[in-house]
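Here is what each chain is made of, one letter per residue.
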Amino acid sequence: MDEQNASNKQVNEQYSSKIICTANHGFAPYAQEELRRLFGSLKSTMLIPGEVFVVTLGTTLENAIERITEKSPIFLRHLFPVLMEIPGGDKDFALQQAVSYLLKREYIEGTRVSVQIRKAEGSSWTDSPGALRDQVQEQLSPMEVEYTVTDPEWIISLFVAKDTWYVGVSRPESNLSDWNGGAIRFQREEGQISRAKFKLLEAEKQFEIPFSSFRHALDIGAAPGGWSSFLLERGLQVTAVDPAKMHESLLDHPNLKIVNKNAADVKFKESQFDLLVCDMSWSPKLMARMVTDLLYSLRSGGTAVVTVKLLTKKPMALVHEIIDIFEDSRMQIQGAKQLFHNRDEITLYMIKY
Ligand SMILES: C[S@@+](CC[C@H](N)C(=O)[O-])C[C@H]1O[C@@H](n2cnc3c(N)ncnc32)[C@H](O)[C@@H]1O
């Protein structure tokens with residue numbers, strides 16, 4: 001066991017298996033349910049209502065993280081293992097404790113490190129999380145590390161709750177996302193047609209979908225055209241189906257065919273497409289029926305990406321019902337996730353066999 005693991009273990013035993021968990025706003029109860037299904041009963045306290053909670057598990061951190069990451073949860077967007085808890089009443093004391101703990105993590109010397117700070121309302125740190133990050137980085141200056149936002153080797157996490165500061169140091173792959181709280185940000189481009197484009201950008205990263213390797217895409221529920229414009233940028237020929245108007249900047253695009261119709265009324269050739277995407281914001285069961293009715297036009301081995309609107313108080317059951325419908329139509333689920341840009345829906349990534 002290397003020095004880093006040895007030191008983590010020592011702390012694990014001291015502090016038990018605590019994890020800070022994050023879901024999209026309002027979906028924390030479903031992330032808790034996913035953990036309950038994995039670990040049985042669990043002790044959990046909300047830190048930001050509906051969004052962030054700390055969970056205590058009756059197993060080691062290594063085992064807990066391994067089981068969670070293996071399962072690829074749908075609603076649990078981000079986590080970090082807690083290595084140290086500090087009473088948070090006095091912010092100067094808490095900061096000094098956190099820094100002296102971190103200075104002993106010699107294994108991060110010489111690596112690229114992301115410092116990710118979040119805080120809950122009512123905590124002793126009244127300034128911004130960014131100001132705390134600057135303080136932490138400044139006080140860690142005896143350590144030779146390169147600070148980065150993207151592609152870190154290690155992540156220092158600090159969640160400042162009302163009464164407690166939670167500190168973690170982990171590899172990005174342990175956190176389910178290398179973004180702070182899993183909140184992946186994309187820059188809004190000039191002339192960007194819709195925010196919906198961020199969903200496909202995030203799906204590309206989350207599921208590692210090789211969009212540029214496809215040639216002919218069918219985009220169902222395409223207007224105003226954020227997804228179509230993304231696919232055109234990736235070099236695809238796109239057929240966009242929507243009775244609503246596409247954005248005028250797309251109207252003359254040579255690689256875009258616009259079909260101004262309801263998706264129930266369109267016909268295509270067998271295996272005409274190698275990619276099908278659908279972002280219809282509609283009744284999930286009707287969406288699933290409409291998409292499965294058009295699956296003849298997706299060649300076998302082709303990819304589908306669809307969003308599923310969660311218009312119900314029982315999203316877990318709904319998601320499984322929709323997955324069953326697709327699985328009965330020769331679709332193999334590669335990924336199912338509530339992305340940061342999804343809000344009240346999830347994204348399914350599937351391949352036809
Ligand atoms: C959330 S918007 C899609 C946004 C789009 N992905 C983008 O990136 O700009 C949903 C679209 O689905 C379309 N829609 C709803 N029902 C449809 C149907 N039966 N057939 C085709 N399009 C439909 C709506 O007209 C609407 O434009």
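Residues numbered from 1 in each chain as written. Predicted model: local features only at pLDDT ≥ 70, side-chain atom pairs only at ≥ 80, totals over all residues. Heavy atoms only, no water.

Participant: How do you make sense of helix 2 (residues 28-39) when you look at a structure like this?
Facilitator: Residues that lie three or four places apart on an α-helix share one face, since the helix turns once every 3.6 residues. With 12 residues, helix 2 should cover 16 Å at 1.5 Å per step; its first-to-last C-alpha distance of 16 Å lies within 8% of that length. Those residues of helix 2 lying buried are Ala28, Ala31, Gln32, Glu34, Leu35 and Phe39. Taken around the axis of helix 2, the buried residues stretch over an arc of 155 degrees, which confines them to a single face. Considering only its buried residues, helix 2 is in contact with strand 1 (17-22), strand 2 (43-48), strand 3 (52-57), helix 3 (61-71) and helix 9 (315-327). Two residues or fewer past helix 2, Gly40 is found with a positive phi of approximately 80 degrees. (Helix = DSSP H or I, 4+ residues; strand = E, 2+ residues; numbered from the N terminus. Expected span 1.5 Å × (residues − 1). Buried < 20%, exposed > 50% of the residue type's maximum accessible area, 1.4 Å probe, protein only. Arc of directions from axis to C-beta. Contact = heavy atoms within 4.5 Å.)

Participant: Help me understand the pairing of strand 16 (residues 345-352) in this model?
Facilitator: On any regular strand, side chains alternate: one points to one face of the sheet, the next to the other face. Of all 8 residues that make up strand 16, 7 are buried, and the element is covered over most of its length. Looking at chain direction, strand 14 (residues 298-309) and strand 16 are connected through 7 bridges and run antiparallel. Pairing of Val306 across the sheet is with Leu348, part of strand 16. Across 6 bridges, strand 15 (residues 331-337) lies against strand 16 in antiparallel orientation. Among the inter-strand pairings, Ala336 is bridged to a residue of strand 16, identified as Leu348. (Pairing = 2+ DSSP bridges.)

Participant: Help me out: how do you make sense of the packing of helix 8 (residues 284-293) against helix 9 in this one?
Facilitator: In helix packing, the relevant descriptors are the interaxial angle and the interaxial distance, both defined with respect to the helix axes. Contact geometry for helix 8 and helix 9: axes closest at 10 Å, N-to-C directions at 15 degrees. Classified by the angle between their axes, helix 8 and helix 9 sit roughly parallel to one another. In this structure, helix 8 crosses over helix 9, and the sense of that crossing is right-handed. In this structure, helix 8 contributes Pro284, Lys285, Met287, Ala288, Val291 and Thr292 to the contact, and helix 9 contributes Leu318, Glu321, Ile322, Ile325 and Phe326. Of the residues assigned to the contact of helix 8 with helix 9, the class counts are 8 nonpolar, 1 polar and 2 charged. (Axes fitted to C-alpha atoms, helices over the stretch in contact; angles between N-to-C directions. Parallel < 35°, antiparallel > 145°, perpendicular 65-115°, else oblique. Left-handed = near helix turned anticlockwise from the far one by under 90°. Nonpolar A, V, L, I, M, F, W, Y, C, P; charged D, E, K, R; others polar.)

Participant: In this structure, what is going on with the environment of Val306? I would like to understand it.
Facilitator: Summarising the element assignment, Val306 is placed in strand 14. Here Val306 falls in the buried class, since its relative accessible area comes to 0%. Placed 44 residues apart in sequence, Val306 and Asn262 show a C-alpha to C-alpha distance of 17 Å. Ignoring anything within four residues of it in the chain, the contact list for Val306 reads Cys278, Met287, Val291, Phe326, Ile346, Thr347, Leu348 and Met350.

Participant: Looking at this structure, I do not really get the site of the ligand. What am I missing?
Facilitator: Near the ligand lie 19 residues; those nearest to it are Gly226, Trp227, Asp242, Ala263 and Asp279. Separating an oxygen atom of the ligand from a backbone N or O atom of Gly225 is a distance of 3.1 Å. A distance of 2.8 Å separates a nitrogen atom of the ligand from a polar side-chain atom of Asp279. Contact with the protein chains covers 83% of the free accessible surface of the ligand, which is 600 Å². Class assignment for the residues of the shell around the ligand results in 10 nonpolar, 6 polar and 3 charged. (Near = heavy atom within 4 Å. Polar contact = N/O pair within 3.5 Å; in protein donor to acceptor, adjacent residues only side chain to side chain. Areas by Shrake-Rupley, 256 points an atom, 1.4 Å probe, with all protein chains shown as cover.)

Participant: Explain the sheet that holds strand 2 here, please?
Facilitator: Hydrogen bonds between backbone groups are what pair the strands of a sheet, and the pairing can be parallel or antiparallel. Strands sit in the order 2-3-1-4 across an open sheet of 4 strands; the sheet is antiparallel. Looking at strand neighbours, the two that pair on one side only are strand 2 and strand 4 (78-82), the edges of this open sheet. Here the strands of the sheet are splayed against their neighbours by 25 degrees on average, with no regard to which way each runs. Note: strand 1 against strand 4, 5 bridges, orientation antiparallel. What sits directly across from Cys21, in strand 4, is Leu79. Together, strand 1, strand 2 and strand 3 form the strand contacts of helix 2, whose direction differs from that of strand 3 by roughly 15 degrees. Together, strand 1, strand 3 and strand 4 form the strand contacts of helix 3, whose direction differs from that of strand 1 by roughly 35 degrees.

Participant: What's the story with the side chain of Asp242 in this structure? I'm lost.
Facilitator: As for its placement among the helices and strands, Asp242 is situated in the loop between strand 11 (237-241) and strand 12 (256-259). As a buried residue without a salt bridge, Asp242 has its nearest oppositely charged side chain in Lys199, at a separation of 11 Å. For Asp242, the side chain forms a polar contact with the main-chain nitrogen of Ala222, separated by 3.1 Å. Each residue touching Asp242, except ones within four places of it in the same chain, is listed here: Gly221, Ala222, Ala223, Val259, Asn260 and Lys261. (Lys, Arg positive; Asp, Glu negative; His and termini not counted. Salt bridge = Lys/Arg side-chain N within 4 Å of Asp/Glu carboxyl O.)

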